[in-house]
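Working through the structure, step by step
If you want the building blocks of each chain, they are given just below.
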Amino acid sequence: MTSTAPLTTPDPGWPAGPTVTPFNPHAATPAQRLAVGQLLADAFAHTYPDDPALLPETEAVGLTHQLPTERTVHYAVWDGARALAWGSLSYDLEQNTHMAHLRLTVHPTARRQGLGRAVLSQLLAHADELGRGTLTFGTSSRSPAGEAFAAALGAQPALPMRQSRLDLTTLDRDLVTRWQARPDADPFRLHLWQRVPDDYLTRVADMMMVMNTAPRGDLEQQDWTITPDMIRSWEAMIEEANETRFMMAVEDTRTGQLDAYSEVFWMPERAALVYQGATAVRPSARGQGLGKWVKAAMLDHVLHACPGARWVQTNNANENAPMLGINVALGFTPYSSFTEWQLKLR
């Protein structure tokens, strides 16, 4: 669809809107952060009523998380001590400096009152001041109002994705075993980590950048550079959120190069649902079964290391046929769709 830039300030003909105030999670009181965390948890429960509930305390902690080169501005609408709406604009100071990422949430009981548009107006004005002319944000088909809002803004559905879930009780264990079989004298070795060892940090950063080869649809995004410091920052944030991240990596013992990896995220407090993160195989190493191996090995590990896990959820770009094919063969079935939108201000 053709993108048209939305208003960055309220139309003079609109009635007076709600009061939107800046919100700084680092300077806010614990009660204020928790109020926004509660808003995020309530909105999630409204959209995904059958999923394990988000923990307001964890969401509150996440408000302060950012990489050293990242900056985030926040705005909120308050009803006394209660947060009714919240939005953020995140951007990197060194990479993709033309872009920023939006998040926007309105409490289910306070929607259709102009709160979302009021918060968005402040975020768009801030993006314009920063010279960030390309904005991205995501919506789920589980929240049709969000998709309609995005379309009304003139945003482009730049990267549609299929959100899939695997019911672990139906997992084909024989298939998982077959996919982990390796030839005699196989030069590849499988690693399992929660924290990347120091002597592998640089190699993991290099491996993670293989995600730059993943489909981007129409997103005007340049390649991201991953550094060891970024990995350590992510690990610290994961630990602070009381989340467990398992990473498996495939090393070519002839060169020491990491040629494939996969990661999952799990919380004991939300034990039933495991989130599949990135899975990637270096282009030069494809066609050797490494993707199937690392995915099968990870599922095997989840069965033993994540007590209470029932579902594994993953996103696949609709155009990423190879990885989608692996997931379908493992038993992942459509759950919803997730769309990464792109909004052009300039």
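Residues numbered from 1 in each chain as written. Predicted model: local features only at pLDDT ≥ 70, side-chain atom pairs only at ≥ 80, totals over all residues. Heavy atoms only, no water.

The name recorded for the protein chain in an unreviewed UniProt entry is GNAT superfamily N-acetyltransferase, from Deinococcus soli.

In this section: the UniProt feature "domain: N-acetyltransferase" (unreviewed entry) in the protein chain. Per the UniProt record, "domain: N-acetyltransferase" (unreviewed entry) is found at residues 18-177. Spanning residues 18-177, this segment combines 35% helix with 32% strand, and its end C-alpha atoms are found 57 Å apart. (UniProt positions renumbered as here; feature names shortened; annotations may be inferred. Helix = DSSP H or I, 4+ residues; strand = E, 2+ residues; numbered from the N terminus.)

Among the structural elements, Met209 can be located in the loop between helix H6 (201-208) and helix H7 (228-240). When the C-alpha positions of Met209 and Leu175 are compared, they lie 29 Å apart, and in sequence the two are 34 residues distant. Excluding residues that lie within four positions of it along the chain, Met209 makes contacts with Trp224, Thr225 and Ile226. (Contact = heavy atoms within 4.5 Å.)

Counting through the fold element by element, His107 comes out in the loop between strand S4 (99-106) and helix H3 (115-130). For His107, a relative accessible area of 8% gives the class buried. Among the polar contacts listed, one links the side chain of His107 to the side chain of Asp42, at a separation of 2.9 Å. Look past the residues within four positions of His107 in its chain and what remains in contact with it is Leu39, Asp42, Arg82 and Leu84. (Buried < 20%, exposed > 50% of the residue type's maximum accessible area, 1.4 Å probe, protein only. Polar contact = N/O pair within 3.5 Å; in protein donor to acceptor, adjacent residues only side chain to side chain.)

On to the pairing of S4, then. As paired strands, strand S3 (residues 82-92) and S4 are joined by 6 bridges and run antiparallel to one another. The residue of S4 that forms the bridge with Trp86 is Thr105. Once the chain exits S4 it traverses H3 before rejoining the sheet at strand S5 (residues 134-140), and the crossover so formed is right-handed. (Pairing = 2+ DSSP bridges. Right-handed = clockwise from strand over helix to strand, strands pointing away.)

Applying the stated criterion across every chain, the model contains 4 aromatic pairs. Seen in terms of ring centroids, Trp193 and Tyr200 are 5.0 Å apart; in terms of plane orientation they differ by 50°. Their pairing is tilted. Judged by relative accessible area, Trp193 falls into the buried class, the value being 9%. Using a relative accessible area of 10% as the deciding quantity, one classes Tyr200 as buried. (Phe/Tyr/Trp six-rings, centres within 6.5 Å; stacked < 30°, edge-to-face > 60°.)

Another aspect to go through is the nonpolar core. Grouped together as the largest cluster of nonpolar side chains are 32 residues, with contacts concentrated most on Leu168, Leu290, Val302 and Leu330. Examining the composition of this core, we find that 8 residues originate from one element, helix H8 (residues 290-305), more than from any other. Other than its neighbours up to four places away in sequence, Leu168 contacts Leu299, Val302, Leu303, Ala309, Arg310, Trp311 and Val312. (Core = buried A, V, L, I, M, F, W, Y, C linked by side-chain atoms within 4.5 Å.)

So, about the pattern of salt bridges. Under the defined criterion, the tally for this structure stands at 14 salt bridges. Between Asp206 and Arg282 there is a salt bridge, and its shortest N-O distance comes to 2.9 Å. Taken together, the positions of Asp206 in helix H6 and Arg282 in the loop between strand S10 (273-281) and H8 put the pair 76 residues apart, joining distant regions of the chain. Residue Asp206 is classed as partly exposed on the basis of its relative accessible area, which comes to 36%. Between Asp259 and Arg282 there is a salt bridge whose closest N-O contact spans 3.1 Å. Residue Asp259 is located in strand S9 (residues 257-266), and its partner Arg282 is located in the loop between S10 and H8; the two are separated by 23 residues in the primary sequence. Take Asp259 and Arg282: they sit in the same class, and that class is buried. (Salt bridge = Lys/Arg side-chain N within 4 Å of Asp/Glu carboxyl O.)

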